[in-house]
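One letter stands for each residue in the lines below.
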Amino acid sequence: MRLSGRSAIVTGAGSSIGFSIARRLAQDGVKVAIADIVGADAAAESLRKEGFEAVGVTTDVSDEAAVASLVEQTVGRFGGVDILVNNAAISKTLKMTPFEELTLSEWRRILDVNTIGVFLCCRAVAPHMRSKGYGRIVNLTSGTAFKGAPFIMHYVASKGAVMSMTRSLARELGTHNITVNAVSPGYTRSRGNLENPDFDRAQTDINRASRAIARDEHEEDLVGSVSFFASDDAAFVTGQILAVDGGSVYH
């Protein structure tokens, strides 16, 4: 319970990686607002059944008004927002597509959720964190932004932007005792990705072979790094991108 008394928003936490992160923070003593476009209420109820304090807020992170409402509801319920985990992203519905065949609407939807959504959530929580002189922001990026990946250029670009945003925002918010870091997973055989078998098959073998720890990556492999960045153990760590991928990339 090392984070007892803290409150958090975890986006994209209705299922899969986001839910695993929310559950780990709850185990650390955090009061958690689960934000997702689907499944938020059910995920929060699942945590409450385990004895944790959680609330679900149906949210489209690409919608400015919805994000403002999410933060307002969280502050009203928990008294503030100490931790923001930007996990929401379009990934499990990706199709392997040559870049010439990607449509402008596909590009815009990916950037709206994966990149603009991070901006909107950070902007909405920053005033509350500044007023307390405390905050932890953790962004989920992707190892594809380090090494590239064919046929998902829009996704790779969106996650590369989040890396740069992490470093920039860390510079802006550091004087307010707000840290901004990112966790960069390798391809994770999450519950969400397993719903897209063609994409899963295309990614699994090549990613496993690239790792120093030559096995599949699972949701549980990621939660400890998020917990670390959210804790006082990381109080003097900011602007960092931590690759959690079994040693696939070094940077």
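For the structure itself, consult the block above.
One structure accompanies this document, and this report is about it. Please read these numbers as outputs of a predicted model, since none were measured by experiment.

**A short note on the overall build of the protein**
Part 1 of the reasoning: Counting its regular elements, the protein contains eight helices and seven strands.
Part 2 of the reasoning: Expressed as a percentage of its 251 residues, the buried residues of the protein come to 51%.
Part 3 of the reasoning: Taking the contacts inside the protein whose residues are at least 6 apart along the sequence as the reference set, 70% of them involve residues at least 24 apart.
Part 4 of the reasoning: On the protein, roughly 11100 Å² of surface is accessible, and the fraction owed to carbon and sulfur atoms is 54%.

**Looking at the pattern of salt bridges**
Part 1 of the reasoning: Applying the stated criterion across every chain, the model contains eight salt bridges.
Part 2 of the reasoning: Via salt bridges that share partners, Arg6, Asp82 and Lys132 belong to a single interconnected network.

**Details of the packing of aromatic side chains**
Any two aromatic rings considered together are summarised by their centre-to-centre distance and by the angle between their planes.
Part 1 of the reasoning: Using the criterion set out here, one finds one aromatic pair in the structure.
Part 2 of the reasoning: Looking at Arg6, its charged tip hangs above the ring of Tyr134, at a distance of 3.8 Å from the centre.

**Focus on helix 2 (residues 40–49)**
Part 1 of the reasoning: Among the residues of helix 2, Ala40, Ala43, Ala44 and Leu47 are the ones counted as buried. Projected onto a plane normal to the axis of helix 2, the buried residues spread over an arc of 100° and lie on a single side. When the buried face of helix 2 is taken as reference, the exposed residues oriented beyond 90 degrees from it are Ala42 and Lys49.
Part 2 of the reasoning: Looking one or two residues past helix 2, Gly51 carries a phi angle of roughly 95°, positive in sign.

**A word on the side chain of Asp36**
Part 1 of the reasoning: Along the chain, Asp36 falls in strand 2 (residues 31–36).
Part 2 of the reasoning: The class for Asp36 is buried, based on a relative accessible area of 14%.
Part 3 of the reasoning: Dropping the residues within four chain positions of it, Asp36 is found in contact with Gly12, Ala13, Gly14, Ser15, Val57, Thr58 and Thr59.

**Here we look at the side chain of Asn181**
Part 1 of the reasoning: Following the sequence through the fold, Asn181 ends up in strand 6 (residues 178–185).
Part 2 of the reasoning: Polar side-chain contacts of Asn181 include one of 3.2 Å to the backbone nitrogen of Gly239.
Part 3 of the reasoning: Contacts of Asn181, omitting those with residues within four sequence positions, involve Ile137, Val138, Asn139, Thr166, Phe229, Val237, Thr238, Gly239 and Gln240.

**Some remarks on the nonpolar core**
Part 1 of the reasoning: In this structure, Ile9, Leu84, Val125, Met129 and Ile137 are the most contacted members of the largest nonpolar core, which totals 33 residues.
Part 2 of the reasoning: Put simply, the parts of the chain that give this core at least two residues each are strand 2, strand 3 (54–58), helix 3 (64–78), helix 4 (104–132), helix 6 (153–173) and strand 6.
Part 3 of the reasoning: For this core, the element with the highest residue contribution is helix 4, accounting for eight residues.
Part 4 of the reasoning: Among residues more than four places away in sequence, those in contact with Ile9 are Ala33, Leu70, Val71, Thr74, Val81, Ile83, Leu84, Val85 and Val125.
Part 5 of the reasoning: The next biggest cluster of nonpolar side chains, apart from the first, holds 30 residues, and it includes Phe19, Ile21, Ala22 and Ala234.

**Some points on the sheet that holds strand 3**
Part 1 of the reasoning: Read from one edge of the open sheet, seven strands run 3-2-1-4-5-6-7, paired in parallel fashion. The open sheet has two free edges, formed respectively by strand 3 and strand 7 (241–244), since each of these has just one partner strand. Recorded for the sheet is a direction-independent mean angle of 20° between the axes of neighbouring strands.
Part 2 of the reasoning: One ladder, built from three bridges, connects strand 1 (residues 7–11) with strand 4 (residues 83–86); its direction is parallel. What sits directly across from Val10, in strand 4, is Val85.
Part 3 of the reasoning: Along the sheet, helix 4 makes contact with strand 1, strand 4, strand 5 (135–140) and strand 6, crossing strand 4 at roughly 175°.

Definitions and limits used
- Residues numbered from 1 in each chain as written.
- Predicted model: local features only at pLDDT ≥ 70, side-chain atom pairs only at ≥ 80, totals over all residues.
- Heavy atoms only, no water.
- Helix = DSSP H or I, 4+ residues; strand = E, 2+ residues; numbered from the N terminus.
- Buried < 20%, exposed > 50% of the residue type's maximum accessible area, 1.4 Å probe, protein only.
- Contact = heavy atoms within 4.5 Å.
- Areas by Shrake-Rupley, 256 points an atom, 1.4 Å probe, with all protein chains shown as cover.
- Salt bridge = Lys/Arg side-chain N within 4 Å of Asp/Glu carboxyl O.
- Phe/Tyr/Trp six-rings, centres within 6.5 Å; stacked < 30°, edge-to-face > 60°.
- Lys NZ or Arg CZ within 6 Å of the ring centre and 35° of its normal.
- Arc of directions from axis to C-beta.
- Polar contact = N/O pair within 3.5 Å; in protein donor to acceptor, adjacent residues only side chain to side chain.
- Core = buried A, V, L, I, M, F, W, Y, C linked by side-chain atoms within 4.5 Å.
- Pairing = 2+ DSSP bridges.
- Axes fitted to C-alpha atoms, helices over the stretch in contact; angles between N-to-C directions.

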